[in-house]
Amino acid sequence: MKVFLLEHPRQIAPDRCNDIANTPLASSLITGCIAGLLNSMGHGIRIAEGFLDKLTYEDIYQQVTTFAPPVLGVHLIYNWENNRQLFSFLKQLKSEGLVRKIVGYGYYPTFAYQEIFKLCPEFDGLIIGEPEQTFAEWLETGVPVPGMAWVDAAGQVQMRCREVNRNLDALPDPIRSEAMMRMGEVNIEGSRGCYGSCTFCYINPYYGAGSCWRAKSPERVMQEIDRLIARHGPMKFYFTDPNFFGPGKQGQERALKLAAMLKQRKIRFGIEARVNDIHRDTIAALVDAGLEDLLIGLESGRDDSLQRLNKMTTVEQNEKALSILRVNGIEPNIGFIMFEPDSTLADIRTNFEFLKRNALLNNIFITANVLYHPQIILQGTKAYRDLQQEGRLTLKGSTYEGMTAFRVPEVACLAEIIGQITNYFFVSMDEVWQGKLQEPLNAVSLYAAVNQLLVNCFEENLSRLEGGESIDEAAAQVLIDEVKMKIKSVFDQFPKTPGSKCGLSFNQDKGCK
Ligand code: SF4
């Protein structure tokens, strides 16, 4: 059967440009994994990369018309505001008879399937959790199977869970689209799930009851890497595993085995990890094997907060991990939650001093991230449930993402100031990343100036609030605009690319252009 798999067009709302990704990195291979399994079963697959290829819905309409698939699978990514345009498009495809069945999959429908059925009754089913086997069984049987939600004949939403897949080695390689192969590094999956249970994370809830860290064997991972290298030549890989290391001694031994095998391939790669898994010998072996990039979830510089987040790590472990990584030449990317709903000014101060003490505020691209990140509260997480039970969760238009007021007003004030300023920085940078502005020769010193501006702004306003000074909305807006003007004056020194439409303005809501 012909199956069309859609990665739908996505937009990043301007006031979300400094928020973490709206779906985990592991999502990047979901469509490819489905395509790989269906292809191995003899189905004909077409993937449309609406986001990476910047396709319009008109483009996708043409592709669907040409391919004429009876079945459309949609990787549903939460779009912050809504997916109205996508849902209208699906309705059009169904009403014009261009597809017979539509099924959605991904993190968003796994948690918000009730909402999605209401918004888009065109879905014949929504897959809950890891999708490839569920999708395949549904195609074979034509009726809802375990691992799906659907609307029954009486109009009631039904859902059946599926057990997690414990034999990842048996899955075929994901099919990677041309757009994915153009990205500079190739995503690869070595494991699923995590042995942690952080309150803000929905990795394990996505996979469902019984989820834990499940690995592919090093041999299976190498076979896929070898096939990719044979087809495309040497390349850089990035492991999409939420936690590259398995638990304890066995996890370290597996990582050492992987390192030995990766070293023979002479490749470069990146991983994501927990601090308690950063050990000197293993990191040295991985770096020797080509490890270049590592994202580490520090989350906080305060033990109380780490406990509150159920991170099961300590500040001491955070600092030890940073030290081991740096000794081995890795300057990590950082996962950090500066503002939690229950943060106090003392928490924020401790976080700030932790970042300074550990030289994590020297690079604007890290500074702008770690100084702002608030905790995002997504459906499926313990934090979401707890806040809901406490009556503190506010839903705006979607059940998928909750909001809550900061418990401490001064923290809310600082978060608003820093949030608007860092957003303005990222929107300004977007002009550079899109090639509309060019980096001048002295870009490094200009970035350093913005970095200092941001650190000073944080320090000054935190100190004012700690000193009992109140900063009302109008005063906050004045100082936000002042800093934004200064950032603008830095970016004014970046030459415009001839022919591009560009121009930064600071006088906009939420600091965005
Ligand atoms: S360690 Fe990372 S992947 Fe694991 S539960 Fe915590 S945030 Fe999620």
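Calculation rules
- Residues numbered from 1 in each chain as written.
- Predicted model: local features only at pLDDT ≥ 70, side-chain atom pairs only at ≥ 80, totals over all residues.
- Heavy atoms only, no water.
- UniProt positions renumbered as here; feature names shortened; annotations may be inferred.
- Helix = DSSP H or I, 4+ residues; strand = E, 2+ residues; numbered from the N terminus.
- Pairing = 2+ DSSP bridges.
- Axes fitted to C-alpha atoms, helices over the stretch in contact; angles between N-to-C directions.
- Contact = heavy atoms within 4.5 Å.
- Near = heavy atom within 4 Å.
- Nonpolar A, V, L, I, M, F, W, Y, C, P; charged D, E, K, R; others polar.
- Parallel < 35°, antiparallel > 145°, perpendicular 65-115°, else oblique.
- Left-handed = near helix turned anticlockwise from the far one by under 90°.
- Core = buried A, V, L, I, M, F, W, Y, C linked by side-chain atoms within 4.5 Å.
- Buried < 20%, exposed > 50% of the residue type's maximum accessible area, 1.4 Å probe, protein only.
- Salt bridge = Lys/Arg side-chain N within 4 Å of Asp/Glu carboxyl O.
- Arc of directions from axis to C-beta.
- Expected span 1.5 Å × (residues − 1).

### Overview of the UniProt feature "domain: Radical SAM core" (unreviewed entry) in the chain
When the UniProt feature table is mapped onto this chain numbering, "domain: Radical SAM core" (unreviewed entry) sits at residues 180–407. In residues 180–407, the share of helix is 42% and the share of strand is 17%. The end C-alpha atoms are 42 Å apart.

### Here we look at the sheet that holds strand β8 (residues 185–188)
Reading across the sheet, the five strands line up as β8-β11-β12-β13-β14 and stay open at both edges, with parallel pairing between neighbours. Edge positions in the sheet fall to β8 and β14 (333–336), since each of these pairs with one other strand and no more. Mean inter-strand twist for the sheet, computed between neighbouring axes without regard to direction, equals 20 degrees. By the bridge criterion, five bridges tie strand β12 (residues 268–273) to strand β13 (residues 291–299) in an arrangement that is parallel. Across the sheet, G270 pairs through a bridge with D293, a residue of β13. Packed onto the sheet, helix α8 (residues 218–232) meets β8 and β11 (236–239) and runs at close to 150 degrees relative to β8.

### Digging into the site of the ligand
Inspection of the region around the ligand gives C194, G196, S197, C198, F200, C201, P242, R274 and K311 as its neighbouring residues. Its residues assigned to classes, the shell around the ligand comprises five nonpolar, two polar and two charged.

### A look at the packing of helix α1 (residues 30–40) against helix α5 (residues 132–141)
In contact at an axis separation of 9 Å, α1 and α5 are set at 45 degrees when each is read in the N-to-C sense. Comparing the axis directions of α1 and α5 gives the class oblique. With respect to the hand of their crossing, α1 and α5 are arranged in right-handed fashion. For the pair α1 and α5, contact is made by C33, I34, L37 and L38 and by E132, Q133, F135, A136 and L139, respectively. Residue composition of the contact of α1 with α5, grouped by class: seven nonpolar, one polar and one charged.

### Points about the nonpolar core
Within the largest apolar cluster, 86 residues are counted, with the highest numbers of intra-cluster contacts made by F269, I278, I417 and F458. The element best represented in this core is helix α16 (residues 409–433), accounting for twelve residues. If we skip the residues at most four places from it in the chain, I278 touches F245, A273, I283, L294, I296, A321, I324 and L325. Counting 60 residues, the second-largest nonpolar core is a separate cluster that includes Y78, I102, F111 and L378.

### Things to note about the pattern of salt bridges
In total, this model carries 40 salt bridges according to the counting rule given. Among the ionic pairs, K263 bridges to D288, the shortest N-O distance being 2.8 Å. Here K263 is found in helix α9 (residues 248–265), whereas its partner D288 is found in helix α10 (residues 280–288), with 25 residues between them in sequence. Taking the relative accessible area as the measure of exposure, D288 reaches 49% and is therefore partly exposed. Of the charged contacts in the structure, one is a salt bridge between R392 and E390, with a shortest N-O distance of 3.1 Å. Owing to a relative accessible area of 48%, E390 belongs among the partly exposed residues under this scheme. By sharing partners, the salt bridges in this structure join E130, E132, E189, R192, R214 and K216 into a single network.

### Topic: helix α15 (residues 382–389)
Within α15, burial applies to A383, Y384 and L387. All buried residues of α15 project into a common sector of 100 degrees when viewed along the axis, lining one side. Looking one or two residues past α15, G391 carries a phi angle of roughly 70 degrees, positive in sign.

### Observations regarding the pairing of strand β7 (residues 157–160)
Each regular strand shows side chains that alternate between the opposite faces of the sheet. Sheet analysis places strand β6 (residues 148–151) next to β7, joined by four bridges and oriented antiparallel. The residue bridging W150 from the neighbouring strand is Q158, located in β7. The hairpin turn running from β6 into β7, its antiparallel successor, is five residues long, and G155 in that turn takes a positive phi close to 85 degrees.

### Some thoughts on the packing of helix α17 (residues 443–466) against helix α18 (residues 473–491)
Running from N to C, α17 and α18 cross one another at 170 degrees; their axes reach a closest spacing of 10 Å. By the angle between their directions, the pair α17 and α18 is classed as roughly antiparallel. In this structure, α17 contributes L446, Y447, V450, L453, C457, N461 and R464 to the contact, and α18 contributes L479, V483, K486, I487, V490 and F491. Of the residues that constitute the contact of α17 with α18, the class distribution is ten nonpolar, one polar and two charged.

### What about helix α3 (residues 84–95)?
Between its terminal C-alpha atoms α3 stretches 16 Å, which fits the 16 Å expected from twelve residues at 1.5 Å a residue. Here α3 has its buried residues at L86, F87, F89, L90 and L93. Taken down its axis, α3 places every buried residue within 155 degrees of arc, on the same side. Opposite the buried face of α3, at more than 90 degrees from it, the exposed residues are R84, Q85 and S95. Residues of α3 that are buried sit in contact with β1 (2–7), α2 (57–67), β3 (71–75), β4 (101–105) and α4 (107–119). Count one or two residues on from α3 and you reach G97, which has phi positive near 70 degrees.

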